[in-house]
Amino acid sequence: MVRVLLIAFLSLGVVSTAYWGYREHQEKNAILVHAENNYQRAFHDLTYKIDMLHDQIGTTLAMNSRTSLSPALAEVWRIAAEAHSDVGQLPLSLLPFNKTQQFLAQIGAFSYRTAVRDLDKEPLTKEEYKTLQALYQKAANIQNELRNVQHLVLKNHLRWMDVELALATNNRPSDNTIIDGFKAVENDVQSFSEGTNFAPTFTTITNREKGFIRAKGKQISETEAKQIAKSFLGLKGTETIKIVRSGKGADERFYSVTVFDPKTKAETYMDITEKGGYPIWVMDNRPVKKQAISVYDASVKGQQFLKKHRFTNFELYDSSQYDNVAVLTFVANEQGVRIYPEAIKMKVALDDGTIVGFSARDYLASPPLPTLPKPTISLAEARKKLNPNVRVMEERQAVITNDLNQEVLCYEFLGTLGDDTYQIFINTQTGLEEKVDKMQSVERNYE
Amino acid sequence: MRGRMISCLLVCFIMCAGEVHAFSNQVIQRGAVGDDVLELQARLQYIGFYNGKIDGVFGWSTYWALRNFQDKFGLPVDGLAGESTKAKLVKVSKYYESFVKEQIQKGNSFTHYGGKPLSEQVKGDNNATAAKTTVQTTATNVPKGFSQNDIRLLANAVYGEARGEPYIGQVAVAAVILNRLEHPSFPDSIAGVIFQPGAFTAVADGQIWLTPNETAKKAVLDAINGWDPSGGAIYYFNPATATNGWIWSRPQIKRIGKHIFCK
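Computed from a predicted structure; not experimentally measured.

### Some points on the overall build of chain A
Helix and strand counts for chain A come out as 11 helices and 13 strands. Dimensions along the principal axes, computed over C-alpha positions, put chain A at roughly 95 × 75 × 50 Å. Within chain A, the proportion of its 447 residues that are buried is 34%. Sequence separation of 24 or more characterises 60% of the internal contacts of chain A that already satisfy a separation of 6 or more.

### Let's talk about the confidence of the model for chain B
All names here are of chain B. On average, residues of chain B carry a pLDDT of 82, and 87% of them reach 70 or more. Overall, residues 5-20 carries pLDDT values under 50, and its contacts beyond four positions in sequence, including any with other chains, amount to 13 contacts. Scored as a complex, the prediction yields pTM 0.83 and ipTM 0.83.

### So, unusual backbone geometry
Peptide bonds are mostly trans, and most non-glycine residues show a negative phi. Even without a glycine there, the phi angle at His-157 of chain A is positive, about 50°. Here His-157 of chain A shows up in the loop between α4 (126-156) and α5 (160-169).

### Comments concerning the sheet that holds strand β6 (residues 259-262) of chain B
Residue and element names in this part refer to chain B. In spatial order, the strands read β4-β6-β5; together these three strands make up an open sheet with antiparallel pairing. Edge strands, defined here as strands with exactly one partner in the open sheet, are β4 (235-237) and β5 (252-256). Direction aside, the axes of adjacent strands within the sheet are offset by 25° on average. Where β5 lies against β6, four bridges are found, and the strand directions are antiparallel. Paired with Gln-252 across the strands is Cys-262, a residue of β6.

### Considering the interface of chain A and chain B
Of the residues lining the interface, 58 residues belong to chain A; the matching set on chain B comes to 55 residues. Among the residues making up the side of chain A that touches chain B, the classes are represented as 21 nonpolar, 27 polar and 10 charged. Sheet topology places strand β13 (residues 442-444) of chain A next to strand β3 (residues 139-141) of chain B; three bridges connect them, and they run antiparallel. Looking at β3 of chain B, one finds that Glu-443 of chain A is bridged to Thr-140 of chain B.

### Details of the domain arrangement of chain B
Domain annotation for chain B reports domain 1 (2-123) and domain 2 (148-262). Between the C-alpha centres of domain 1 of chain B and domain 2 of chain B the distance comes to 42 Å.

### A word on the domain arrangement of chain A
Considered domain by domain, chain A is made up of domain 1 (32-209), domain 2 (222-365) and domain 3 (379-439). The straight-line distance from the C-alpha centre of domain 1 of chain A to that of domain 2 of chain A is 41 Å.

### What to know about the pairing of strand β2 (residues 254-261) of chain A
Residues and elements named next belong to chain A. Examined bridge by bridge, strand β1 (residues 240-245) and β2 share six bridges and lie antiparallel to one another. The residue bridging Lys-242 from the neighbouring strand is Thr-258, located in β2. Here β2 pairs with strand β3 (residues 266-273) via eight bridges, running antiparallel. Looking at β3, one finds that Asp-261 is bridged to Ala-266. Taken together, β2 and the strand that follows it, β3, pair antiparallel across an intervening segment of four residues, in which Lys-265 is found at a positive phi of about 60°.

Analysis parameters
Residues numbered from 1 in each chain as written. Chains lettered and ligands numbered in written order. Predicted model: local features only at pLDDT ≥ 70, side-chain atom pairs only at ≥ 80, totals over all residues. Helix = DSSP H or I, 4+ residues; strand = E, 2+ residues; numbered from the N terminus. Buried ≥ 20, exposed ≤ 12 C-beta atoms within 10 Å, placed from the backbone. Contact = placed C-beta atoms within 7 Å. pLDDT = per-residue confidence, 0-100. Pairing = 2+ DSSP bridges. Axes fitted to C-alpha atoms, helices over the stretch in contact; angles between N-to-C directions. Nonpolar A, V, L, I, M, F, W, Y, C, P; charged D, E, K, R; others polar. Domains from an automatic or database assignment.

Right, here's the structure in full:
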């Protein structure tokens, strides 16, 4: 009797385990299929978008009237952005696919800028037409390659999950069709972006990587860098200092300094350019105690620090308190004109007013200013260009970097509309509204 | 209902008697946070200059209210609440501190206008007794273009990817995500970059959903505010565990902790 019961009990166990395993298996499969479908959607969507992109660029080439050209270029911009977003959803981040993505971003930037331009006043130049033609050609190539991959994927039921696995484990079979196909696309585009002379409006995307233009002068040695760190951080000499030179990947070589204070057990980090020995940034991650001074006092301390290190013409632009630290933004001021690209950020601890952070990255990367042009339109004329509903509260002259990555002299207006504050820049030469920013600095807590 | 009215009036009465408190002696500036800002906003509201929320964070609307006040009362218009401004403000307005703090603690939405009984200026009847002993501000400074939830998502990614790393290693990881945002080869939203398939191991193995600590959040804030210890990197990898050969071909910038950062 006991035996029968035991057998019944055990077989029930076996059956239920089998059932449980089957359910698990089903569930896992469902999730795999779901993930695979997501990849497939992104991929097929991408090929479709590239088709559309190719067609749309083709149409713009044939167009002559300015009124239809602008919307068509705007359409190119939209499709390029969508294709770019599709690429971002594919598991390609371990595959060298940057050039293709860059290519899509460049098409986007080019079409956006030409679309928003007043083509009646400034029609497409010959070079721009040539660029458009080259883009058309290239889009055709990419389209072909992707169509080929798509065909193989559909024919052989290739799975993106396998691609992901192959890329992650690195034992990729040499005949992974998808990977090879995308590599072909990449090679194709690479030769293109290196060989083609893009129109001048294209410079911006690569411009960003130009590095620290302002850091000029002779190359400093490690001991000199140590000296600079000592004087900049006001060290006593009891600290241990470690120095490492950056690798060849950096745009401009720099030294990374780590300062360890054995008394406080705190570490301070600092980067210094090799050329000229300019401090790039400083970070001191000591715990900050209870607030004892105000943000205002902190900004005075910050200003004093800048003066001491010969940043004389800087004024406070923005301040925010996070816990017990004030984050301050200073910008250069040349004869009453604010130079926004030349910004320096600082962090001041609100317990004892010491500097716990410094970043001159933006300042070092901003090009030295040419002599400022004389405004051709007056402040009153510029004010007339504003939306009449904006209540102007502050006005001044300022230099900003505009959409085309050029430094332009503008009239800056700070004004309110409803409950919001806006910062509006009107070009002093052309009267163009270069930039309108909504200033938001406070968010309610959701807890 | 009636009982509440009476208790409100009673509270009001007690407060009227206790209205002597005034600002500490700090100069209050835009970006500041805390009790003095609460008082500044409440006082400006009392005399009708400030119509925003009394939240204890000195933002733009407080700034304009203060400047308008300075302008009206013949003070130098600088947007700083210094000694003379504060003295003038104390003279012409009232501040019911315990009323304001009580409402904040209870999470009620309220106003603080003069010439109107305070009990009529409370919306929402969160009458739960306040659990917290210290008054927290009901808003936070955020860097331009980022919400607190963006910061939280970034902190999740940083914590999942680099929680064992030194502090600047964590800032550097956050900076890489932000550098990707700007870079043409990557998606242009925070979520797009973080959840790009295969981009981060913490996303793939679910560690991104661990609860981030304060250090990770601090690191993210530093990166957003403009500190980039990675030197402009858009990739990083752990040489001990990296299986992909391609990543080794990227030009390396520097090493922080266990990670090598590269272009």
